[in-house]
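Understanding the architecture of this molecule
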There are 2 protein chains.
Amino acid sequence: MLPEKPLAWGRARSCIRELAEYGWKRKEELGAENVFDFSLGNPSIPAPDSVNQTIAELLQGDSVALHGYTTAAGLMSLRQRIAGDLNERFDVDVRPERIYVTCGAAAGLAVSLRATLLPGDEVVALAPFFPEYRVFVEASGGNLVTVQPRMGDFQLDVEAFAAALTEKTRAVIINSPNNPSGVVLNSESLLGLTGALRRHEEEVGHPVYLICDEPYRELVYDGAEVPCVFSYYDDTILCYSFSKSMSIPGERIGYLAVGSHMTDGDAVYASIMGAARSLGYVNPPSLFQRVVERCLGQTVDVSKYQENRDLLLSGLREAGYECVEPQGAFYLFVKSPEEDAKSFSERAKKYELLLVPSDDFGTPGYVRIAYCVSRDMILRSMPAFRALMAEYRS
Amino acid sequence: MLPEKPLAWGRARSCIRELAEYGWKRKEELGAENVFDFSLGNPSIPAPDSVNQTIAELLQGDSVALHGYTTAAGLMSLRQRIAGDLNERFDVDVRPERIYVTCGAAAGLAVSLRATLLPGDEVVALAPFFPEYRVFVEASGGNLVTVQPRMGDFQLDVEAFAAALTEKTRAVIINSPNNPSGVVLNSESLLGLTGALRRHEEEVGHPVYLICDEPYRELVYDGAEVPCVFSYYDDTILCYSFSKSMSIPGERIGYLAVGSHMTDGDAVYASIMGAARSLGYVNPPSLFQRVVERCLGQTVDVSKYQENRDLLLSGLREAGYECVEPQGAFYLFVKSPEEDAKSFSERAKKYELLLVPSDDFGTPGYVRIAYCVSRDMILRSMPAFRALMAEYRS
């Protein structure tokens, strides 16, 4: 007698979470130094010093104001800073009145979908994708449709994408830099994608929203650039989080921005306000609104993640693994040496290597390696990776 | 082409918010000391000193852990402390495994409803009630049914309540101490309510959940006691918030507790986990989980609110107003001297008195006075209240 979907979502084990829990158990049994846990995307680098310094300073002020309600959309001063920062960096014209500060990017996505989907609408996600997209889409009454990438560089397969658009397509979710592949969608992919979308909008006669999930925007390597989608497409909703850029994922603070030139943008923004209200979001956490306002533009020391990526990528390639070339985030997407990635992940456990099979990410046959870990663990894991590959070569 | 309800909820002006914004404008025009703003339920007493002290101490620890993800349900150590505290104070047997830490009581309510309602289900709310209940219920596919209180003391009208229960009734929401009336539901009311519910459960053959919204539990006066509903009824979900008890409403931290003896309680808890996940709640804010764990049991100086209540209640009664006797929260519910409370609220503006008309609370003909304000403002407002009443007596 309970609603079917929430019950199923509550009972379904996430394969990431399941592997992480297995890892905690093994660490207790064997000692943490003997388990190579690459399961979780939990930032391993501390927040910039300014984060805790700012909190300490804020504690000196008026406590009632500091911990009090703010407007639902977040402090106007914060929204002005966010808009100013985006406009300066990307030469766009985001307006503070179109920014809605959220409890992280997950809330931004859930609210954006709830605000735009009609029952039975389709949402296209580019695989591989973060598994929660399916839950957010279905919770808003929609159906998820997936499109595989161009194998090799994991950029957009524009024909496959165009073929996935139907009369029911209401939104497209992209995630760049990507979890789980680390790939940054390049300008060519974005041009192909938004071109197809514009043609499709004309054909069906209603807006198709491009929802950009960008929690990893600041985590890029070798000077890679993440194009700003507002420059490519008007009907864009940007979902951002400070979780990874400032290493404060537990504090739940991010924002969404509705494009200044979106079709009926004021109505979409109003619908976002109504959706957020109806899901129980009163305001984003007040102390951390002030923290990110004062610390905006500061990030963790990304060079640490880059060192990890370089070490892991060269080590694994040397050991014979085929890896997708990652330009950002803190994930490496590695081709499974056997067809069934779950079976590969099981075999890896023999060597205490915890690698997430890619099935739930929508592109089977790979494992995700989260390298937000210590450099030392990566170094110590290399013999295990080599021994694992040797099994497939004998 | 946007979903109807979110758009309507986003566009609808809350009459509370509208009055507050009028107040901000008037304060700019006339000076803050000349406007008597009783519109908002925003705590006016600072958090206990230990809150900011605890934050400062926590900043000395491991930053990655402090600001990192926690389990979705919240830290087990916090859930153990909450359960222990409830069990000790109320002689109940709440289990930590049935506690889900939430982003405030609003999230707890939205998630509880989403986890339990089937399309078309009815949810009974005892009027007067917090207007957001309607939004949360409709967002979960349900319909709100309201029951008027026993006029005079605003306790339960048990006959009216029993008459409101139908085959479609899936849940009942109660709120004690009550926003907007300040009334605490006494033991007799709770016995009548839960007796009727148990009989109804047997009749219809499925659980009817009692959802208790208790953000004002700690704000009671003259030694009033708020009975713990777990002692009365098994199919209870308690929604609590630290917003008012610790004056940290902007930080969004509270919890829900599913009764240990609830019918299919494990499934209900699983459905709550799934509902929270699907609405984009990843985990409750991590820093404040640790703060409330360490500060549990500490509250703001409630005597300040009691002084305000006493001052306002005696002053208004002396001036000829009829007030519902409040035992808790920080609201006074005052009968409008004319039938239309909106018209009364408009007339009050002439005297710079901002009083919220009760229509949206489901019991028309009253105004809500939020006395979480300075004692000084209450004193200065008295001549205005007297002049306003004089209009009705001339």
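Above: the structure in question.
So, here's what we can say about the structure.

**Let's talk about the pairing of strand 3 (residues 122-126) of chain B**
Residue and element names in this part refer to chain B. Along strand 3, five of the five residues are buried, which leaves the element largely enclosed by surrounding structure. Neither face of strand 3 is open: one carries E122, V124 and L126, the other V123 and A125, and all of them are buried. Bridge count for strand 3 against strand 4 (residues 143-147) is five bridges, and the pairing is parallel. In the sheet register, A125 faces strand 4, and the bridge partner there is T146. Sheet topology places strand 3 next to strand 5 (residues 169-175); four bridges connect them, and they run parallel. Paired with E122 across the strands is T169, a residue of strand 5.

**A closer look at the pairing of strand 6 (residues 209-213) of chain B**
Residue and element names in this part refer to chain B. Of all five residues making up strand 6, five are buried, and the element is well covered by its neighbours. By the alternation rule, side chains of strand 6 split into Y209, I211 and D213 and L210 and C212, which are all buried. You can see the chain leave strand 5, run along helix 9 (residues 187-204) and come back into strand 6, and the turn it takes is right-handed.

**Some thoughts on the sheet that holds strand 4 of chain B**
Residues and elements named next belong to chain B. Spatial strand order, 2-8-7-6-5-3-4: seven strands in an open sheet with mixed pairing. In this open sheet, the two edge strands, each paired with only one partner strand, are strand 2 (99-102) and strand 4. The sheet shows a mean angle of 20 degrees between the axes of neighbouring strands, direction not considered. Strands strand 2, strand 3, strand 5, strand 6, strand 7 (236-241) and strand 8 (254-258) of the sheet are contacted by helix 6 (residues 104-116), whose axis makes an angle of about 155 degrees with strand 7.

**Observations regarding the sheet that holds strand 11 (residues 356-357) of chain B**
All names here are of chain B. Read from one edge of the open sheet, three strands run 9-12-11, paired in antiparallel fashion. Unpaired on one side and paired on the other, strand 9 (331-335) and strand 11 mark the two borders of the sheet. Bridge count between strand 9 and strand 12 (residues 366-370): five bridges; the pairing is antiparallel. Paired with K335 across the bridge in strand 12 is Y366. Contacting strand 9 and strand 12, helix 12 (residues 302-318) crosses the sheet at an angle of about 10 degrees to strand 9.

**Things to note about the environment of B:H67**
Note that B:H67 resides in the loop between helix 4 (63-66) and helix 5 (76-90). Sequence spacing of B:H67 and B:F288 is 221 residues, and the spatial spacing of their C-alpha atoms is 9.8 Å. Once residues within four sequence positions are removed from consideration, B:H67 is found in contact with A:V51, A:N52, A:I55, A:S247, A:I248, A:P249, A:G250, A:E251, A:F288 and B:S286. In this structure the side chain of B:H67 is engaged in a polar contact, spanning 2.9 Å, whose partner is the side chain of A:N52.

**Observations concerning helix 10 (residues 265-278) of chain A**
Spacing of three or four residues puts side chains on the same side of an α-helix, whose turn is 3.6 residues. Residue and element names in this part refer to chain A. The end-to-end C-alpha separation of helix 10 is 20 Å, in line with the 20 Å expected for 14 residues at 1.5 Å each. In terms of residue burial, helix 10 counts as a mostly covered element, since eleven of its 14 residues are buried. Considered for burial, the residues of helix 10 that qualify are G265, A267, V268, Y269, A270, S271, I272, G274, A275, A276 and S278.

**As for the relation of the copies chain A and chain B**
Between chain A and chain B, the superposition needs a rotation of 180 degrees and an axial shift of 0.0 Å, giving an RMSD of 0.0 Å. Expressed as a symmetry operation, the mapping of one chain copy onto the other fits a two-fold axis. In this assembly, 100% of the residues forming the interface of chain A have copies in chain B that are likewise at the interface, indicating an isologous arrangement.

**Details of the nonpolar core**
Across soluble globular proteins, you tend to see nonpolar side chains buried next to one another. In this structure, A:F161, A:I174, B:F161 and B:I174 are the most contacted members of the largest nonpolar core, which totals 104 residues. In contact with B:I174, other than residues within four places in its own chain, are B:L126, B:L185, B:L190, B:L193, B:L210, B:I211, B:C212, B:D213 and B:V229. A:L2, A:L109, B:L2 and B:V137 belong to the second largest nonpolar core, which has 78 residues in total.

**Considerations on unusual backbone geometry**
Residues and elements named next belong to chain A. Of the consecutive residues A127 and P128, the connecting peptide bond is found in the cis state with omega at -5 degrees. Its location among the elements puts P128 in the loop between strand 3 (122-126) and helix 7 (132-139). For the peptide bond that leads from S176 to P177, omega is -5 degrees, which places it in the cis range. Among the structural elements, P177 can be located in the loop between strand 5 (169-175) and helix 9 (187-204). Backbone geometry at F154 places phi at a positive 60 degrees, although glycine is not the residue there. Along the chain, F154 turns up in the loop between strand 4 (143-147) and helix 8 (158-164).

**Things to note about a negative patch on the surface**
All names here are of chain A. Where like charges cluster on the molecular surface, the negative patch consists of E339, D340, D359 and D360. Within the secondary structure layout, D340 lies in the loop between strand 9 (331-335) and helix 13 (341-349). Overall, the relative accessible area of 40% leaves D340 in the partly exposed class.

**So, the state of the cysteines**
Residue and element names in this part refer to chain A. This structure, assessed with the given rule, holds zero disulfides over all chains. In this structure C15 is not part of a disulfide, and its nearest cysteine sulfur, from C372, lies 15 Å away. Between C323, a cysteine without a disulfide, and C372, which holds the nearest cysteine sulfur, the sulfur-to-sulfur distance is 16 Å.

**Quick word on the environment of B:K335**
Residue and element names in this part refer to chain B. When you line up the elements, K335 lands in strand 9. When the C-alpha positions of K335 and P364 are compared, they lie 9.3 Å apart, and in sequence the two are 29 residues distant. Setting aside its immediate chain neighbours within four residues, K335 contacts E322, G365 and Y366.

**Digging into the environment of A:A384**
Residues and elements named next belong to chain A. Tracing the chain through its elements places A384 in helix 14 (residues 375-393). When the C-alpha atoms of A384 and A73 are compared, they prove to be 49 Å apart, with 311 residues separating the residues in sequence. Ignoring any residue separated from it by four or fewer positions in sequence, one finds A384 in contact with F36, Y351 and L353.

What counts as what
- Residues numbered from 1 in each chain as written.
- Chains lettered and ligands numbered in written order.
- Predicted model: local features only at pLDDT ≥ 70, side-chain atom pairs only at ≥ 80, totals over all residues.
- Heavy atoms only, no water.
- Buried < 20%, exposed > 50% of the residue type's maximum accessible area, 1.4 Å probe, protein only.
- Helix = DSSP H or I, 4+ residues; strand = E, 2+ residues; numbered from the N terminus.
- Pairing = 2+ DSSP bridges.
- Right-handed = clockwise from strand over helix to strand, strands pointing away.
- Axes fitted to C-alpha atoms, helices over the stretch in contact; angles between N-to-C directions.
- Contact = heavy atoms within 4.5 Å.
- Polar contact = N/O pair within 3.5 Å; in protein donor to acceptor, adjacent residues only side chain to side chain.
- Expected span 1.5 Å × (residues − 1).
- Least-squares fit on C-alpha atoms with pLDDT ≥ 70 in both.
- Core = buried A, V, L, I, M, F, W, Y, C linked by side-chain atoms within 4.5 Å.
- Patch = residues over 30% accessible without salt bridge, like charges linked within 9 Å, V, L, I, M, F, W, Y side chains within 5 Å.
- Areas by Shrake-Rupley, 256 points an atom, 1.4 Å probe, with all protein chains shown as cover.
- Salt bridge = Lys/Arg side-chain N within 4 Å of Asp/Glu carboxyl O.
- Lys, Arg positive; Asp, Glu negative; His and termini not counted.
- Charge placed at Lys NZ, Arg CZ, Asp CG, Glu CD.
- Disulfide = S-S within 2.5 Å.

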